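# Architecture and fold: a report
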Amino acid sequence: MLNLKTKVLGMFAGAAMAAGALAAPAQAQETIKVGILHSLSGTMAISETTLKDVMLMLIEEQNKRGGVLGKKLEAVVVDPASNWPLFAEKARELIAQQKVAVTFGCWTSVSRKSVLPVFEELNSILFYPVQYEGEESSPNIFYTGAAPNQQAIPAIDYLLAEGVKRFVLEGTDYVYPRTTNRILEAYLLSKGVKAEDISVNYTPFGHADWQTRVAAIKRFGSTGVKTAVVSTVNGDANVPFYKELGNQGIKATDIPVVAFSVGEEELAGIDTRPLVGHLAAWNYFQSVDTPANRDFIARWRAFKKNERAVTNDPMEAHVIGFAMWVKAVEAAGTTDATAVRRAMIGIAVPNLTGGISTMMPNHHITKPVLIGEIQANGQIQTVWQTPGTVVAQEWSPHLEGSRDLIADHRAPMNCGNFNVRTGRCGGAQR
Amino acid sequence: MIRRPGLVALLAALLTVVLLAPPSARAQDAAPLIQRMATETFNDIAGAVAALATSGSPRAAPVIEALRDNRLVYRQADRAVFIREASGSFVSALTGEPVTDAGTTRPVRLNNAVRRAIDAAMGALTLMNPDPARRAAAAEAVFKSRDASALPALEQAIGQERDARIRILMEEARAAVVVASPEANEADRITAIGVIQRRGDQDALRMLGSLPATAPPRVREAAESASVAIRRTLAVWEAVQNVWYGLSLGSVLLLAAIGLAITFGVMGVINMAHGEMVMIGAYTTFVVQQVLRTMAPGLMDVSLFIALPMAFLVAGAIGIAIERLIIRHLYGRPLETLLATWGVSLVLQQAVRSWFGPTNREVTTPSWMSGSFEVGHLAITANRLAIIIFAAMVFAALLLFLKRTPFGLQTRAVTQNRRMAGAMGIRTNWVDAFTFGLGSGIAGLAGVALSQIDNVSPNLGQGYIIDSFMVVVFGGVGNLWGTLVGAMTLGIANKLLEPYAGAVLGKILLLVFIILFIQKRPRGLFALKGRAVE
């Protein structure tokens, strides 16, 4: 942090000297600004602060390699404070006043929905690094997290293959769990699971008293048919949820819980010994043993000056997104948003799990899907993975209304929600 | 039961012969099975575990135990399997003899299927263990696995078991095996269903429900009627359980609100930073545990008792500082107090966030506070029970303090008539400061308890501030008994509503109820009467 500050100051000093020699307008050309739009205070700071740090590290490393297009990168960090309308204001500030070339940011879907019109109106680029519910494809947003078919659906397939026939869909009450559970319910019914074998339930944000719910899950699982819990419980509610599971003695060998929002970072606050064997589905685990990942963890720990710093899936998404953006800018020869957007499609970079991720015309990337089991040390060990990478289905084929939509941001279609049945484009077109 | 005693005796004799045979000869048989574990395919490992458990090899128990504890490794070069000892040295899995150089090894990995196989295998292997807890666990494992091959060992164990409780568990396990076994005759299976019905819990339901459709109709009918009977009893217990959960939630609300009952209820200060005092108490617990971990690991089990006075002092001191620096300038201006303390709460949150980081901190739960036990069919988790007892103690102590000590007397005097108290020589502004410190300190105590059930994160307090105000306002401002009754009423009402209305709607209904109630009785359940009201 301090290091970076001195560096930024140094860059300013350099810029000031250069300004003496060159004409005044040239000064603004000296650096390329990269916006970082992650909450550093408020409820989401718990998850988003590390993403800010990983971006600072990536930018610092890129500058050591000589920057992009011969210019140094400059990080512009703003704090939208977990306040959704403030996200839109801060996004406007980054694009209109700071003139950033690209922004990396957001965590919750509601914050992304809040900034989307700003990025479309001012024609700038956002990289969104978190798994989400899909049903969206903006020409100005690149989604480096997983769509439901890159996380939730394969997890269900894994459970079905394990012989699970009864499902509890447990979620926090907001847009991501509700949409995901709608998709999963439709998918389970299509796979022959009976409606009475699916129980859907929602709890409020930050739900702390899980006794009733965990007892209900136990009861639902006592019919003799193999039962599993699919958890889209988000954020702070997870720790008391898992503590209650452990205390009431629900073992992974009896009723496994597969979670979509619990990573290494969340597990850091819990004693995981009673939770061994519960599952998580992601596209990256810190425990994945590849040279690229070992190298990344070492760099991250050196940057954080903490030998035990953990890495997680959205961090990998930023690593991939940043590498893709650098490549696209170099291919386009400019940071102009329209040119970079055109160049982005088809860009392929290595991911940290030993494969190659490619930016597809729907602005989502290809990813491998990993299912892992929680270990006693708080890490997640892969027990199953897709043989290759999976292409995102941004519009779910399992939902009425989104079944006929496709996204293709290449010419001539240039559309994020093209209805193949009516032949019309329903959203912003560029 | 399904086998004649003669057969059991024969099996026992066979077992003795097997155990007496020279170990090297047995190890030969186990060798291919142990070898099969040197793989990445979970199904192969699970199969090998099951086969090894029934092979009768003396290497079965140590190898399976090592696998369970993640100590079983294999050499990549030639797939030789080793056990890593606690000391870090390796022994051969086949012979148990030490090896000097194991080379590059990787652990044999586990998944849930393998874990299930291990549980089943260990069940059969540890039925005779001298440790009663392990025997009970073994019986439970057999109950779940319903592994017919465990039957001879089970029969033998039942014959030798002296502990009546474990004996019942073993008989239930035997009944489970018999019910599930297609070879057993109908009468035996129906008797066994009776045994399982007497057990009467959710595991019994699960067992009866998993009876295959191919079972004879009379067996299935018996299982069906047993399930119905079990469900009927469990429904009654469920109601009891909801009340218990309500008490537990009520005690959490009481802990969170009781400090506020003093600062808001007694002093009339709208303290929005109350939740942050709870959070500071939780972080104090974290710091105390960190220090203990490095300085005196032996004291970890009593870390909470050390954390309690520390949390009280830290939160109390911060409370006094806030009162002296900010609140005392704002007495009589409730709106400014509200805004100022709201600001303080944000400052405290962000300070903790910058100091300790935004992510959750792990607070260890002492062993006596984890797990659960059953009273009838009521599952009582140890941490919830501890919190209920703790809340009751804090409440009683506070009540005694206010009623029986000189300081309590002065506090009550100042709240009832400040000017008169001042005229009697009480230093009212110091009483204010210490009363605020007391309320904050108690919030700190609540933080120690809440660190056991919630996130230790900078946001911890925010989740409790609304609920705390709700309890105090509902119970009646200025009355500790009102806070107690308010907390318990809201807790139990919440938990009785939740199973029917869901957590989200339940909370809304409760809020609507409180709004209506306050319309009717603006001063809450137990309103102060007389001159003190002004």
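In this text, all values refer to a predicted model and were calculated from it rather than measured experimentally.

The next thing to look at is the overall build of chain B. The secondary structure content of chain B amounts to 20 helices and seven strands. In summary, chain B has a C-alpha radius of gyration of 31 Å against a globular reference of 24 Å for 534 residues, an excess of more than 25%. Dimensions of chain B along its principal axes, counting C-alpha atoms only, are 95 × 60 × 40 Å. Expressed as a percentage of its 534 residues, the buried residues of chain B come to 48%. Residue pairs in contact within chain B that sit at least 24 positions apart in sequence constitute 68% of those at least 6 positions apart. Taken as two groups, the 50 positive and 37 negative side-chain charges of chain B have centres that lie 9 Å from each other.

This part is about the overall build of chain A. Assigned secondary structure in chain A consists of twelve helices and 17 strands. A compact globule built from 430 residues should have a C-alpha radius of gyration of about 22 Å, and chain A, at 22 Å, falls within 12% of that. Counting over 430 residues, chain A shows a buried share of 61%. Considering only intrachain contacts with a sequence separation of at least 6, the fraction spanning at least 24 residues in chain A is 66%. For chain A, the accessible surface area stands at approximately 15,300 Å², while carbon and sulfur atoms represent 55% of it.

Residues and elements named next belong to chain B. In this structure, strand β1 (residues 72–75) lies alongside strand β2 (residues 81–84), joined through three bridges in antiparallel fashion. Of the residues in β2, the one forming a bridge with Leu-72 is Ile-83. A loop of five residues connects β1 with β2, the two strands running antiparallel in sequence, and Arg-79 in this loop sits at a positive phi of about 55°. Here β1 pairs with strand β5 (residues 105–107) via three bridges, running antiparallel. Within β5, the position partnered with Tyr-74 by the bridge is Arg-106.

Next up on the list: unusual backbone geometry. Residue and element names in this part refer to chain A. With omega at 5°, the peptide bond leading from Ala-411 into Pro-412 counts as cis. Within the element layout of this structure, Pro-412 appears in the loop between β15 (405–408) and β16 (415–419). With a phi angle near 55°, Ala-81 is a residue other than glycine that sits in the positive phi range. Here Ala-81 falls in the partly exposed class, since its relative accessible area comes to 27%. Unusually for a residue other than glycine, His-363 sits at a positive phi of about 70°. Along the chain, the position of His-363 falls in the loop between β12 (356–358) and β13 (370–374).

Let us now look at the interface of chain B and chain A. Listed by partner, the interface residues are 49 residues for chain B and 53 residues for chain A. Between chain B and chain A, the buried area comes to about 4,200 Å², and carbon and sulfur atoms account for 44% of it. Joining chain B to chain A, the criterion identifies six salt bridges. Here A:Arg219 and B:Glu238 are joined by a salt bridge, their closest N and O atoms 3.3 Å apart. Linking chain B with chain A are 19 residue pairs in polar contact (both at pLDDT 80 or more). The set of elements that each furnish at least two residues to the side of chain B that touches chain A consists of α5 (112–125), α10 (202–209), α11 (217–266), α14 (334–356), α15 (382–404), α19 (462–475) and α20 (480–520) of chain B. Broken down by element, the residue count for the side of chain B that touches chain A peaks at six residues, all from α11(B). Class assignment for the residues of the side of chain B that touches chain A results in 13 nonpolar, 22 polar and 14 charged.

Attention now goes to the sheet that holds strand β2 (residues 72–78) of chain A. All names here are of chain A. Spatial ordering of the open sheet is given by β2-β1-β3-β4-β5, a layout of five strands whose pairing is parallel. Every interior strand has two partners, whereas the edge strands, β2 and β5 (141–143), have only one. On average, each strand axis in the sheet is inclined to that of its neighbour by 25°, with strand direction left out of account. Pairing of strand β4 (residues 126–128) with β5, which is carried by three bridges, proceeds in the parallel orientation. Residue pairing for β5: Leu-126 is matched across the bridge by Ile-141.

Before going further, it helps to spend a moment on the side chain of B:Gln289. All names here are of chain B. With respect to the element layout, Gln-289 can be found in helix α12 (residues 274–295). Judged by its relative accessible area of 2%, Gln-289 falls in the buried class. Contacts of Gln-289, omitting those with residues within four sequence positions, involve Met-300, Ser-303, Leu-304, Val-363 and Thr-364.

In this section: the side chain of A:Gln375. Within the element layout of this structure, A:Gln375 appears in the loop between β13 and β14 (380–385). Aside from chain neighbours lying at most four places away, what touches A:Gln375 is A:Thr272, A:Val276, A:Gln381, B:Asn70 and B:Arg115.

Looking now at the packing of aromatic side chains. Applying the stated criterion across every chain yields a total of 26 aromatic pairs over all chains. Aromatic side chains B:Tyr283 and B:Phe356 sit 4.8 Å apart centroid to centroid with 40° between the ring planes, which places their arrangement in the tilted category. Taken together, the positions of B:Tyr283 in helix α12 and B:Phe356 in helix α14 put the pair 73 residues apart, joining distant regions of the chain. The class for B:Tyr283 is buried, based on a relative accessible area of 3%. Overall, the relative accessible area of 22% leaves B:Phe356 in the partly exposed class. Between B:Phe513 and B:Phe517, the aromatic rings sit 6.0 Å apart at their centres with planes inclined by 40°, giving tilted as the arrangement. Pair noted here: B:Phe513 and B:Phe517 are both in helix α20, with a separation of four residues, about one helical turn. A relative accessible area of 16% places B:Phe517 in the buried class. Taken together, the ring pairs in this structure connect A:Phe104, A:Phe127, A:Phe142, A:Phe322 and A:Trp325 into an aromatic cluster.

Across a sheet, paired strands are connected by hydrogen bonds in the backbone, their directions being either parallel or antiparallel. Residue and element names in this part refer to chain A. On the basis of which strands lie adjacent, the open sheet formed by three strands has the order β15-β16-β17 and antiparallel pairing. The sheet is open, and its two edges are formed by β15 and β17 (424–425), each paired on a single side. Here β15 runs beside β16; their pairing, made up of three bridges, is antiparallel. Note that in β16 the partner of Leu-405 across the bridge is Asn-419.

Relative orientation of the contacting elements helix α7 (residues 211–220) of chain A and α11(B) amounts to 155°, with a least axis distance of 10 Å. Here α7(A) lies roughly antiparallel to α11(B), going by the angle between them. The residues of α11(B) that touch α7(A), namely those facing A:Gln211, A:Thr212, A:Ala215 and A:Arg219, are B:Glu238, B:Asn242, B:Trp244, B:Tyr245, B:Ser248 and B:Leu249. For the contact of α7(A) with α11(B), the per-class residue count stands at four nonpolar, four polar and two charged.

Opposite charge on two side chains permits pairing when their charged atoms draw close. A full pass over the atoms with the stated rule returns 43 salt bridges over all chains. In this structure, A:Asp173 engages A:Arg178 in a salt bridge whose closest nitrogen and oxygen atoms are separated by 2.6 Å. In this structure, B:Glu171 engages B:Arg167 in a salt bridge whose closest nitrogen and oxygen atoms are separated by 3.6 Å. Residue B:Glu171 and its partner B:Arg167 are both found in helix α8 (residues 164–180); the two are separated by four residues, about one turn of the helix.

Residues and elements named next belong to chain B. Taken together, the side chains of Leu-299, Val-302, Phe-305, Ile-306, Met-310 and Trp-368 present a nonpolar region at the surface, about 520 Å² in accessible area. Looking at where Met-310 falls in the secondary structure, it is placed in helix α13 (residues 303–325). According to the relative accessible area criterion, Met-310 is partly exposed, its value standing at 39%.

This part is about the confidence of the model for chain A. Summary statistics for chain A give a mean pLDDT of 89 and a share of 92% for residues scoring 70 or more. Below pLDDT 50 for its whole length, residues 1–28 of chain A participates in 14 contacts with residues either more than four positions away or in separate chains.

The subject of this paragraph is the nonpolar core. Residue and element names in this part refer to chain B. With 72 residues, the main nonpolar core has Leu-255, Ile-258, Leu-480 and Leu-490 as its most contacted residues. Within the residue set of this core, elements represented by two or more residues are α11, α12, α13, α14, α15, α18 (428–450), α19 and α20. What Leu-490 contacts, discounting residues up to four positions off in sequence, is Leu-253, Met-470, Val-471, Phe-474, Leu-510 and Ile-514.

All names here are of chain A. Taking 1.5 Å as the rise per residue, helix α3 (residues 84–97) with 14 residues should run 20 Å; its terminal C-alpha atoms sit 20 Å apart, in good agreement. The set of residues buried in α3 consists of Phe-87, Ala-88, Lys-90, Ala-91, Leu-94 and Ile-95. Contacts from the buried residues of α3 go to β1 (31–37), α2 (45–64), β2, β3 (102–105) and α4 (109–121).

About the thresholds
- Residues numbered from 1 in each chain as written.
- Chains lettered and ligands numbered in written order.
- Predicted model: local features only at pLDDT ≥ 70, side-chain atom pairs only at ≥ 80, totals over all residues.
- Heavy atoms only, no water.
- Helix = DSSP H or I, 4+ residues; strand = E, 2+ residues; numbered from the N terminus.
- Rg over C-alpha atoms; globule rule 2.2 N^0.38 Å.
- Buried < 20%, exposed > 50% of the residue type's maximum accessible area, 1.4 Å probe, protein only.
- Contact = heavy atoms within 4.5 Å.
- Lys, Arg positive; Asp, Glu negative; His and termini not counted.
- Charge placed at Lys NZ, Arg CZ, Asp CG, Glu CD.
- Areas by Shrake-Rupley, 256 points an atom, 1.4 Å probe, with all protein chains shown as cover.
- Pairing = 2+ DSSP bridges.
- Buried area = accessible area lost by both parts, 1.4 Å probe.
- Salt bridge = Lys/Arg side-chain N within 4 Å of Asp/Glu carboxyl O.
- Polar contact = N/O pair within 3.5 Å; in protein donor to acceptor, adjacent residues only side chain to side chain.
- Nonpolar A, V, L, I, M, F, W, Y, C, P; charged D, E, K, R; others polar.
- Axes fitted to C-alpha atoms, helices over the stretch in contact; angles between N-to-C directions.
- Phe/Tyr/Trp six-rings, centres within 6.5 Å; stacked < 30°, edge-to-face > 60°.
- Parallel < 35°, antiparallel > 145°, perpendicular 65-115°, else oblique.
- Patch = residues over 30% accessible without salt bridge, like charges linked within 9 Å, V, L, I, M, F, W, Y side chains within 5 Å.
- pLDDT = per-residue confidence, 0-100.
- Core = buried A, V, L, I, M, F, W, Y, C linked by side-chain atoms within 4.5 Å.
- Expected span 1.5 Å × (residues − 1).

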